[in-house]
Amino acid sequence: RDDDDINDVASMAGVNLNEESARIMATNSDLVGTQIQSCKDEPFLAAIPLHKRILETAKKLGITDVPAEVVTFISHATQNRLRTVIEKVTVITQHRMESYKDDEWYEQATDVRSQLKFFEQLERLEKQRKDEQEREILLKAAKSRSRQEDPEQARLKQKAKEMQQQELAQMRQRDANLTALAAIGPRKKRKLDAPGLLSIGGEGVGVCGGSQAGLGTASPRQYPRQKITRVNLRDFIFYMEQEREMSHSLLLYRALLK
């Protein structure tokens, strides 16, 4: 009776609802209503120059014909290899940039930066001591009034005179800088982008408490800064040293020479 009903749109279209229900309840119901369509295979590298390069290499081995499928396969293999290299080097760079200073499971064993600062301070003090000794010698030579002066004594006097002129020029330059700063006046503090905001590391942090929430205006939305991973040559060298195929390659040798 339903098939004879003129208002039954499904029957008029030739669709059997019982069969469709049985297909939906079947095991492969996930395939019902889906349409599978093949995507266009786009090579990663330019096909014509790559094909020409492959033919040049193949002719040396006695191969005269290289089909287009080989070019496509090599292009996809290059893309996959490049993706793998970038992923591994990115992981190496992220490990290098990690800081364990605030990690409770690590304690600081050595502080090379403080050691270098200490050595620099020692060198600065030693240089200052030598400069003071040389200055005293030059001042003594300049104050000496011996009638018979040897060439060395004359050279010391000339050097003491140059040193005094240089110190006088430095004092004049310092006084001129102080005068210019006094004429400019005190520097004005730069205002924040919005009241009640404190910028820490490029992110906005609200400083208004609950009791003071009504005093400040609404702050604009602060978007987090995108983290950029910068890979340098040292990361690539470390990657090549870990790879079995590249640990003894000429490319690693050339990279170490740079």
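Residues numbered from 1 in each chain as written. Predicted model: local features only at pLDDT ≥ 70, side-chain atom pairs only at ≥ 80, totals over all residues. Heavy atoms only, no water.

Notes on the side chain of E243
Stated formally: Only DSSP runs of H or I reaching four residues or more are called helices, and only runs of E reaching two or more are called strands; each is numbered from the N terminus. Summary of the burial criterion: residues with accessible area below 20% of their type's maximum are buried, those above 50% are exposed, and those between are partly exposed, where the area comes from a 1.4 Å probe applied to protein chains only. Pairs of N or O atoms are called polar contacts if they sit within 3.5 Å, as long as, within protein, a hydrogen donor faces a hydrogen acceptor (for residues adjacent in sequence, only side-chain-to-side-chain pairs).
With respect to the helices and strands, the residue E243 is situated in the loop between α7 (233–242) and α8 (250–257). A relative accessible area of 12% means that E243 is categorised as buried. Within the structure, E243 has its side chain in polar contact with the side chain of K88 (distance 3.1 Å).

Section: the environment of H248
Relative to the assigned elements, H248 resides in the loop between α7 and α8. For H248, a relative accessible area of 78% translates into the label exposed. In terms of polar contacts, H248 uses its side chain to reach the side chain of S247, at 3.0 Å.

Quick notes on the nonpolar core
Here is a general trend for soluble globular proteins: nonpolar side chains tend to be buried in one another's company. This is how the line gets drawn: Take the buried residues of types Ala, Val, Leu, Ile, Met, Phe, Trp, Tyr and Cys, join any two whose side-chain atoms come within 4.5 Å, and each joined set is a nonpolar core. Note on contacts: a residue pair is in contact if any heavy atoms of the two residues lie within 4.5 Å.
Grouped together as the largest cluster of nonpolar side chains are nine residues: V85, V89, I92, I237, Y239, M240, M246, L252 and A255. Every element with two or more residues in this core is listed here: α4 (68–97), α7 and α8. Beyond its immediate chain neighbours, meaning those up to four positions away, A255 contacts L233, I237 and M240.

Examining the pattern of salt bridges
We apply this condition: Basic side-chain nitrogens of Lys or Arg form a salt bridge, by our definition, when they fall within 4 Å of a carboxyl oxygen of Asp or Glu.
Under the counting rule described, the total for this entry stands at five salt bridges. In this structure, E243 and K88 form a salt bridge, with 3.1 Å as the shortest nitrogen-oxygen distance. Note that E243 is positioned in the loop between α7 and α8 and K88 in helix α4, a separation of 155 residues in sequence. The partner of R129 in a salt bridge is E126, and the shortest N-O contact between them spans 2.3 Å. One end of the pair, R129, and the other, E126, are both in helix α5 (residues 112–143), three residues apart, so they sit about a helical turn from each other. A relative accessible area of 39% places R129 in the partly exposed class.

Overview of the packing of α7 against α8
Note the following rule: A fitted line through C-alpha atoms represents every axis, and for helices the fit uses only the stretch in contact; the resulting angles, taken between N-to-C directions, go from 0 to 180 degrees. Geometric relationships in this document are graded by angle, where less than 35 degrees denotes roughly parallel, more than 145 denotes roughly antiparallel, 65 to 115 denotes roughly perpendicular, and other angles denote oblique. By definition, turning the near helix anticlockwise from the far helix through less than a right angle yields a left-handed crossing, and turning it clockwise yields a right-handed one. When residues are grouped by polarity, Ala, Val, Leu, Ile, Met, Phe, Trp, Tyr, Cys and Pro land in nonpolar, Asp, Glu, Lys and Arg in charged, and all others, Gly among them, in polar.
The geometry of α7 relative to α8 is characterised by a closest axis approach of 10 Å and an angle of 150° between their N-to-C directions. One way to sum up the angle between α7 and α8 is to call them roughly antiparallel. Crossing hand, α7 versus α8: left-handed. For the pair formed by α7 and α8, the contact residues are L233, I237, M240 and E241 on the first element and L251, L252, A255 and L256 on the second. Of the residues belonging to the contact of α7 with α8, the class tally is seven nonpolar, no polar and one charged.

Let's talk about the packing of α5 against helix α6 (residues 151–184)
For the pair α5 and α6, the least separation of the axes is 8 Å and the interaxial angle reads 115°. Compared by their axis directions, α5 and α6 come out roughly perpendicular. The hand of the α5/α6 crossing is left-handed. For the pair α5 and α6, the contacting residues are E134, R135, L138, L139, A141 and A142 in the first and Q153, L156, K157, K159, A160, M163, Q164 and E167 in the second. Tallied by class, residues from the contact of α5 with α6 come to seven nonpolar, two polar and five charged.

Quick look at the side chain of S75
Within the element layout of this structure, S75 appears in helix α4. Of the polar contacts made by the side chain of S75, one reaches the backbone nitrogen of L45; its length is 2.9 Å. Discounting chain neighbours no more than four positions away, the residues touching S75 are P43, F44, L45 and L50.

So, the confidence of the model for the protein
Applicable threshold: Confidence per residue, as judged by the predictor, is encoded in pLDDT with a range of 0 to 100.
For the protein, the average pLDDT comes to 77, and 73% of its residues sit at 70 or higher. Note that residues 194–216 has pLDDT below 50 and, in this model, 23 contacts with residues that lie over four places away or in other chains.

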